[in-house]
Structures are given as C-alpha cells and as structure tokens.
Amino acid sequence: QVQLVESGGGLVQAGGSLRLSCVASGRTFITNAISWFRQASGKEREFVSGIRWSGGSTNYAESVKGRFTISKDNARKTVFLQMNSLKAEDTAVYYCAARRDFATDLRVDSYDYWGQGTQVTVSS
C-alpha cells in the first residue's frame, strides 16, 4: 500500500501564495505519477497538476497555468504545489493522488491512492 499525506493548506488573501506538500510512504516504488486535484464545495473533484517521479514531466489545468508550479523531491518522496496569485475560485480541498501508470491523467478514477486532503481558503 501507499500512503499520502498532504499539508500546507490554510487561509490566505487573494493574490497571496501557499505551498502544499504531499509526502508519500509505503510501497512508493509501485507508483509512477503523482497529481494534485481539488474539490470545491458542491463541485466535482478536478485535476490541477501532475508530475512523474521519473523524468519529472509535468502538466497543468488551464485554470492554474502560470500561477501554480508542481515540483518533487524524489529522495524525500515529496511532491510540492507552489500556488501564487491565488484567487477566491481556488478555494477548495486539495488532494494528492498517485497512480501506477507512467503518465499523469486528468481522470479521478485513474488514480490508485489518495491522501485525506488539505483545505485552501482564499478570501477576496
């Protein structure tokens, strides 16, 4: 099994920044891609950004391109999401998810492991 623990959420004013972390433990060698998703109240969970453990190729949702940056530290099995120029519409619970397949994917049901989430609230 693989365990994922997110941290770094909080309350921030619009225009501010937050850095989320996702630490993976357990049988992490069976996973190849890690992504961040978010779910706002009353809405479906949506893809935010993803990265591969090997090589580090990344992708982003259009809504966060140019504002969010995903990165990783393989030695610490940690993935980060730097969020800048935050907007009220970024308010959501942010989850990290891992999958065995080699590419990141936008579909929620394509991920095998999920963290418990961390709340991000952006006040306008």
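Everything discussed here concerns the structure shown above.
**Things to note about the packing of aromatic side chains**
Step number 1: Across all of its chains, the model carries 5 aromatic pairs by this definition.
Step number 2: Residues Phe 37 and Tyr 111 carry aromatic rings whose centres are separated by 5.1 Å and whose planes lie at 80° to one another, so their mutual orientation is edge-to-face. Placement of Phe 37 in strand 4 (residues 33-39) and of Tyr 111 in the loop between strand 9 (92-99) and strand 10 (113-114) is noted, with a sequence separation of 74 residues between them. The residues Phe 37 and Tyr 111 share a single accessibility class, namely buried.
Step number 3: Geometrically, the ring pair formed by Phe 37 and Trp 114 is tilted, given 5.1 Å between the ring centres and 55° between the ring planes. With Phe 37 in strand 4 and Trp 114 in strand 10, the pair connects residues that are 77 residues apart, well separated along the chain.
Step number 4: Accessibility expressed as a relative area gives 27% for Trp 114, which makes it partly exposed.
Step number 5: Ring-pair connections join several aromatic residues into one group, and the members of that group are Phe 37, Phe 47, Tyr 95, Tyr 111 and Trp 114.
Step number 6: Taking NZ or CZ as reference, Arg 45 lies 4.9 Å from the ring centre of Trp 114, over its face.
Step number 7: Lying over the aromatic face of Trp 53, Lys 77 brings its terminal NZ or CZ to 4.5 Å of the ring centre.

**Here's the deal with the sheet that holds strand 1 (residues 2-7)**
Step number 1: Reading across the sheet, the 4 strands line up as 1-3-8-7 and stay open at both edges, with antiparallel pairing between neighbours. Each edge of the open sheet is held by one strand with a lone partner, namely strand 1 and strand 7 (68-73). Across the sheet, the mean angle from the axis of one strand to that of its neighbour is 15°, orientation sign disregarded.
Step number 2: The sheet contact formed by strand 1 and strand 3 (residues 18-26) spans 6 bridges and is antiparallel.

**As for the side chain of Ser 35**
Step number 1: You can see Ser 35 is positioned in strand 4.
Step number 2: On the basis of relative accessible area, Ser 35 is assigned to the buried category, the value being 0%.
Step number 3: A polar side-chain atom of Ser 35 sits 2.6 Å from a polar atom in the side chain of Tyr 111.
Step number 4: Ignoring sequence-local partners within four residues, the contact set of Ser 35 consists of Phe 47, Ser 49, Gly 50, Tyr 95, Cys 96, Ala 97, Thr 104, Asp 105 and Tyr 111.

**A closer look at the pairing of strand 3**
In regular strands, side chains alternate between the two faces of the sheet.
Step number 1: Judged from the 6 bridges that link them, strand 3 and strand 8 (residues 78-83) form a sheet pairing that is antiparallel. Paired with Val 23 across the strands is Thr 78, a residue of strand 8.

**What to know about the pattern of salt bridges**
Step number 1: In this structure the tally under the stated criterion is 8 salt bridges.
Step number 2: Residue Arg 38 is joined to Glu 46 by a salt bridge in which the shortest nitrogen-to-oxygen separation is 2.7 Å.
Step number 3: Taking the relative accessible area as the measure of exposure, Arg 38 reaches 6% and is therefore buried.
Step number 4: Here Glu 46 falls in the partly exposed class, since its relative accessible area comes to 36%.
Step number 5: Of the charged contacts, one joins Arg 99 and Asp 101 as a salt bridge, the two residues approaching to 3.2 Å between their closest N and O atoms.
Step number 6: Under the relative-accessibility criterion, Arg 99 is labelled buried at 5%.
Step number 7: A single network of salt bridges, built from pairs that share partners, joins Arg 38, Glu 46, Arg 67 and Asp 90.

What counts, and where the lines are drawn
Residues numbered from 1 in each chain as written. Predicted model: local features only at pLDDT ≥ 70, side-chain atom pairs only at ≥ 80, totals over all residues. Heavy atoms only, no water. Phe/Tyr/Trp six-rings, centres within 6.5 Å; stacked < 30°, edge-to-face > 60°. Helix = DSSP H or I, 4+ residues; strand = E, 2+ residues; numbered from the N terminus. Buried < 20%, exposed > 50% of the residue type's maximum accessible area, 1.4 Å probe, protein only. Lys NZ or Arg CZ within 6 Å of the ring centre and 35° of its normal. Pairing = 2+ DSSP bridges. Axes fitted to C-alpha atoms, helices over the stretch in contact; angles between N-to-C directions. Polar contact = N/O pair within 3.5 Å; in protein donor to acceptor, adjacent residues only side chain to side chain. Contact = heavy atoms within 4.5 Å. Salt bridge = Lys/Arg side-chain N within 4 Å of Asp/Glu carboxyl O.

Just geometry here; none of it tells us what the structure is for.
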